[in-house]
Amino acid sequence: MLSLALGGFGIGTVEFTTMGLLKEIERGLSLSTPQAGELISAYALGVVVGAPILAAVGARLPRKYLVMGLAAFIALGNLSSVFAADFGSMMVSRFASGLPHGAYFGAAAVLASTLVAPTKRGWAIATVMSGLTIANVLGVPFATWLGQAFGWRLLFVVTAIIGLAAVAMIWRFVPFEPAHPEASIRRELGALTRVQMWLALLIGVVGFGGFFATYTYIAHTMTSVAGLPENLMPLVVALYGLGMVVGNVVGGRMADRSVMGTIYRGLALVAVVMVLYGLAAHWWPTALIMVFVIGGSGSTLIPALQTRLLDSAPNAATLASSLNHSALNVANALGAFMGGLVIGWGWGFTAPAFVGAGLAVLGLGIASLSGWLDRRAARSSGYPARGR
């Protein structure tokens, strides 16, 4: 599971450091702030497109080989960003880099969940996802410092190396399991007919949209509103990452007790935290505290959402699990767009936080609908609701 987490470490490092180095990329490619935000959206769109396609196409492969191939794809995609010379080539590179992201996490999460008892799936998924969260404590601050000191292109060199190291470690340590004898593209795509799977995806899209709107422009908020110097951005992203580590661990344990309960509580917490961040961002000590809390509140949801998708489509686990990251990156694209929109309207760099609070409340409404449908079906069948 730690070998699988290393691939997530590389993905998390490049995804979140790109946001932290947004100003450097703007200057290096002569972009406006909204254009730089579109690079984040391009990567997210790649995740959305690539996750279902690669998960379905790779359905008949042993999951170990599928995960290795996706990790190699990630490394090559990030390496292409080193050579991007303008806005157009960087857009293409970031889109291509995002294609294997969701399928990697989906296949890795399913593989990890098969190595433990069913009652520990949330913990196993959280362990794999710990690569993503630890990246925000170690990889992102280091890569942010490296990019500020020696050029933002080094970020993509480092993450390509991490991706290749993940390939080697997965080959050495992850046990081989043959593909399911009935696995096929049609079987995987059958998950798309399940209403509860679509509701789970919609919770991720809406609930996380404002979360990413806030984080995408965090460098601008912390420097322009809170008054922190740019050279302290590694501290900011480290605090955010530490919050993600704590939230991921807590969220994994909570999901093993109550999947839907974790989703309800997590979305309510995100809504409150976003409002508090919008108010606290004007004074740097409270802004730093809320950066930690934002990371923790958002990441508590990820293991529960991943588990909910596995429950909603047990016969197409890889596709369902991969689509979680499609949903989160639709949220990423939506958040970057909406954040840039309200900033462009002149509402200021704290405006995305209040947009995020509203989206979290909408996500909670969708989760409540999903839970109500489960309870209604359980009453009709006489069986307890799944994932309660």
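Below or above, wherever it landed, is the structure these notes cover. (Residues numbered from 1 in each chain as written. Predicted model: local features only at pLDDT ≥ 70, side-chain atom pairs only at ≥ 80, totals over all residues. Heavy atoms only, no water.)

## A short note on helix α3 (residues 33-57)
The criterion, for reference: Under the scheme used here, helices are H or I runs from DSSP no shorter than 4 residues and strands are E runs no shorter than 2 residues, and both carry numbers assigned from the N terminus. Helix span, as expected, comes to 1.5 Å for every residue beyond the first. Fitting axes to the seven residues ending at a residue and to the seven starting there, one defines the bend at that residue as the angle between these axes.
Across its 25 residues, α3 extends 37 Å between first and last C-alpha, which sits within 8% of the 36 Å expected from 1.5 Å per residue. Within α3, the axis deviates most sharply at Gly50, by approximately 35°, and proline Pro52 lies no more than four positions further along.

## Some words on the packing of aromatic side chains
Put simply, the rule is: Think of it this way: a Phe, Tyr or Trp ring, Trp meaning its six-membered ring, pairs with another when their centres are within 6.5 Å, and the plane angle makes it stacked under 30 degrees, edge-to-face over 60, tilted otherwise. Only when the NZ atom of a Lys or the CZ atom of an Arg is both within 6 Å of the ring centre and within 35 degrees of the ring normal do we say a charge sits over the ring.
Enumeration over the complete set of coordinates arrives at 5 aromatic pairs. Taken together, the ring pairs connect Phe142, Trp145 and Phe150 into an aromatic cluster. One cation-aromatic arrangement involves Lys64 over Trp171; the distance from NZ or CZ to the ring centre is 5.3 Å.

## Here we look at the side chain of Ser81
We apply this condition: Three labels apply to residues, based on accessible area from a 1.4 Å probe with only protein chains included: buried if under 20% of the type maximum, exposed if over 50%, partly exposed otherwise in between. Only heavy atoms enter the contact rule, under which two residues are in contact if any of them lie within 4.5 Å.
Assignment of secondary structure puts Ser81 in helix α4 (residues 63-81). For Ser81, a relative accessible area of 0% gives the class buried. Among all residues touching Ser81, those that are not within four sequence positions of it are Met90, Ser93, Arg94, Ser97, Trp152, Arg153 and Phe156.

## A short note on α4
For α4, with 19 residues, the first-to-last C-alpha span of 28 Å sits near the 27 Å given by 1.5 Å per residue. If you check which residues of α4 are buried, you get Lys64, Leu66, Val67, Met68, Leu70, Ala71, Ile74, Ala75, Gly77, Asn78 and Ser81. Packed against the buried residues of α4 are α1 (2-20), α3, α5 (87-98), α6 (101-113), α8 (154-173) and α16 (317-344).

## Points about the nonpolar core
What counts is decided by this rule: By nonpolar core we mean a set of buried residues, namely Ala, Val, Leu, Ile, Met, Phe, Trp, Tyr and Cys, connected to one another through side-chain atoms within 4.5 Å.
Counting residues in hydrophobic clusters, the biggest one holds 84 residues, and the most contacted among them are Leu4, Tyr104, Phe208, Met222 and Ile263. With 10 residues, the single largest contributor to this core is helix α13 (residues 259-280). Residues contacting Ile263, with those up to four places away along its chain left out, are Ile203, Leu301, Ala304, Leu305, Arg308 and Ala367.

## Topic: the environment of Ser368
With respect to the helices and strands, the residue Ser368 is situated in helix α17 (residues 351-381). Placed 295 residues apart in sequence, Ser368 and Phe73 show a C-alpha to C-alpha distance of 38 Å. The residues touching Ser368, leaving out its near neighbours within four places in the chain, are Tyr264 and Arg375.

## Quick word on the packing of helix α12 (residues 233-257) against helix α14 (residues 284-299)
Defined as follows: In this analysis, axes come from line fits to C-alpha atoms, helices being fitted only over the stretch in contact, and the angle between any two N-to-C directions falls in the range 0 to 180 degrees. Helix crossings get a hand from a simple test, with the near helix turned counterclockwise from the far one by less than a right angle marking a left-handed crossing and a clockwise turn marking a right-handed one. Residue type decides the class: Asp, Glu, Lys and Arg count as charged, Ala, Val, Leu, Ile, Met, Phe, Trp, Tyr, Cys and Pro as nonpolar, and the leftover types, Gly among them, as polar.
Relative orientation of the contacting elements α12 and α14 amounts to 35°, with a least axis distance of 7 Å. When you trace α12 past α14, the crossing you get is right-handed. Together, Leu235, Val236, Leu239, Tyr240, Leu242, Gly243, Met244, Val246, Gly247 and Asn248 of α12 and Leu288, Val291, Phe292, Ile294, Gly295, Gly296 and Ser299 of α14 make up the contact between the two elements. Split into classes, the residues belonging to the contact of α12 with α14 amount to 11 nonpolar, 6 polar and no charged.

## Section: the environment of Ala351
Along the chain, Ala351 falls in helix α17. When the C-alpha positions of Ala351 and Gly340 are compared, they lie 9.8 Å apart, and in sequence the two are 11 residues distant.

## Overview of the side chain of Glu15
This is how it is decided: Under this rule, positive means Lys or Arg and negative means Asp or Glu; His and the chain ends count for nothing. We count a salt bridge whenever a side-chain nitrogen from Lys or Arg sits within 4 Å of a carboxyl oxygen from Asp or Glu.
Within the secondary structure, Glu15 sits in helix α1. Buried within the structure, Glu15 lacks any salt-bridge partner; its nearest side chain of opposite charge belongs to Arg94, at an N-O separation of 8.5 Å. For Glu15, the residues in contact, after removing those within four places along its chain, are Tyr43, His101, Leu132, Asn329 and Asn332.

## What to know about the packing of α4 against α8
When two helices pack together, you describe them by how their axes are tilted relative to each other and by the distance separating the axes. For clarity, the cut-off: Between 65 and 115 degrees an angle is taken as roughly perpendicular, under 35 as roughly parallel, over 145 as roughly antiparallel, and anywhere else as oblique.
At a minimum axis separation of 8 Å, α4 and α8 run at an interaxial angle of 165°. Considered as vectors, α4 and α8 are oriented roughly antiparallel to each other. α8 is crossed by α4, and the crossing has left-handed handedness. Of the residues in α8, those touching α4 at Lys64, Tyr65, Val67, Met68, Ala71, Ala72, Ala75, Asn78, Leu79 and Ser81 are Phe156, Thr159, Ala160, Gly163, Leu164, Val167, Ile170 and Trp171. Within the contact of α4 with α8, the residues separate by chemical class into 13 nonpolar, 4 polar and 1 charged.

## Notes on the environment of Asn136
Counting through the fold element by element, Asn136 comes out in helix α7 (residues 121-150). Discounting chain neighbours no more than four positions away, the residues touching Asn136 are Phe16, Pro141, Tyr215, Val237, Ala238, Tyr240, Gly241 and Met244.

## Topic: the pattern of salt bridges
Within the structure shown, the criterion is met by 2 salt bridges. Measuring nitrogen to oxygen at the nearest pair gives 3.6 Å for the salt bridge that ties Arg27 to Glu24. With Arg27 and Glu24 both in helix α2 (residues 22-29), this residue pair falls 3 residues apart, about one helical turn. Its salt-bridge partner being Asp374, residue Arg308 comes within 2.8 Å of it at the nearest N-O pair. Of the two residues, Arg308 sits in helix α15 (residues 301-312) while Asp374 sits in helix α17, which places them 66 residues apart along the sequence. For Arg308, a relative accessible area of 4% gives the class buried.

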